[in-house]
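# Architecture at a glance
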Amino acid sequence: FHELPKGRTLANPKSQLQELLQARFQKAPVYKVLHDEGPDHSKVFTVQVWGGRKPLGVGQGKSKQQAEKEAARDALEKITGTDGSDSATKTGTDC
């Protein structure tokens, strides 16, 4: 669970997290909007990503998509020690 597939580089942390969770648990991550703040033209969304019954990461952004990407990046950092922006892997890191 703590290692990304070797030789894989995915620019999108959402894709990388999905691949990791599906390989290990055969389940896709679930993204939930915790809240949004600000006026309609300048909202900031806070999203939490879940893997099964476990919250994995939280992110914020000016769109739901950006917040989801940041939540996936946060989850990858916690799970693997990387942010999904390169192919480096780290093993032996606890969730």
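Structural data are supplied above this passage.
Computed from a predicted structure; not experimentally measured.

## Notes on the overall build of the chain
- Scanning the chain from N- to C-terminus turns up two helices and three strands.
- N-terminal to C-terminal, the α/β element order of the chain is α-β-β-β-α.
- About 5,700 Å² of surface is accessible on the chain, with carbon and sulfur atoms providing 47% of the total.

## Describing the packing of aromatic side chains
- If you walk through the whole model with that rule in mind, you get zero aromatic pairs.
- Between the NZ or CZ atom of Lys-14 and the centre of the ring of Tyr-31, over which it lies, the distance is 5.0 Å.
- Its end group placed over the ring of Trp-50, Lys-32 keeps NZ or CZ at 4.9 Å from the ring centre.

## Focus on the nonpolar core
- In this structure, Leu-17, Val-49, Leu-56, Ala-75 and Ile-79 are the most contacted members of the largest nonpolar core, which totals 13 residues.
- Broken down by element, the residue count for this core peaks at six residues, all from helix 2 (residues 64–80).
- Ignoring sequence-local partners within four residues, the contact set of Leu-17 consists of Pro-29, Tyr-31, Val-49, Ala-72, Ala-75, Leu-76 and Ile-79.

## Focus: the environment of Ala-72
- Position of Ala-72 among the secondary structure elements: in helix 2.
- Not counting chain neighbours up to four residues away, the residues in contact with Ala-72 comprise Pro-13, Lys-14, Leu-17, Tyr-31 and Val-49.

## Examining the packing of helix 1 (residues 13–25) against helix 2
- Where helix 1 meets helix 2, the axes come as close as 8 Å, and the angle between the chain directions of the two elements is 50 degrees. As judged from the angle between their axes, helix 1 and helix 2 are oblique. In the packing of helix 1 onto helix 2, the handedness of the crossing is left-handed. On helix 2, the residues that touch Pro-13, Lys-14, Gln-16, Leu-17 and Leu-20 of helix 1 are Glu-68, Lys-69, Ala-72, Arg-73, Ala-75, Leu-76, Ile-79 and Thr-80.

Rules used in this analysis
Residues numbered from 1 in each chain as written. Predicted model: local features only at pLDDT ≥ 70, side-chain atom pairs only at ≥ 80, totals over all residues. Heavy atoms only, no water. Helix = DSSP H or I, 4+ residues; strand = E, 2+ residues; numbered from the N terminus. Areas by Shrake-Rupley, 256 points an atom, 1.4 Å probe, with all protein chains shown as cover. Phe/Tyr/Trp six-rings, centres within 6.5 Å; stacked < 30°, edge-to-face > 60°. Lys NZ or Arg CZ within 6 Å of the ring centre and 35° of its normal. Core = buried A, V, L, I, M, F, W, Y, C linked by side-chain atoms within 4.5 Å. Buried < 20%, exposed > 50% of the residue type's maximum accessible area, 1.4 Å probe, protein only. Contact = heavy atoms within 4.5 Å. Axes fitted to C-alpha atoms, helices over the stretch in contact; angles between N-to-C directions. Parallel < 35°, antiparallel > 145°, perpendicular 65-115°, else oblique. Left-handed = near helix turned anticlockwise from the far one by under 90°.

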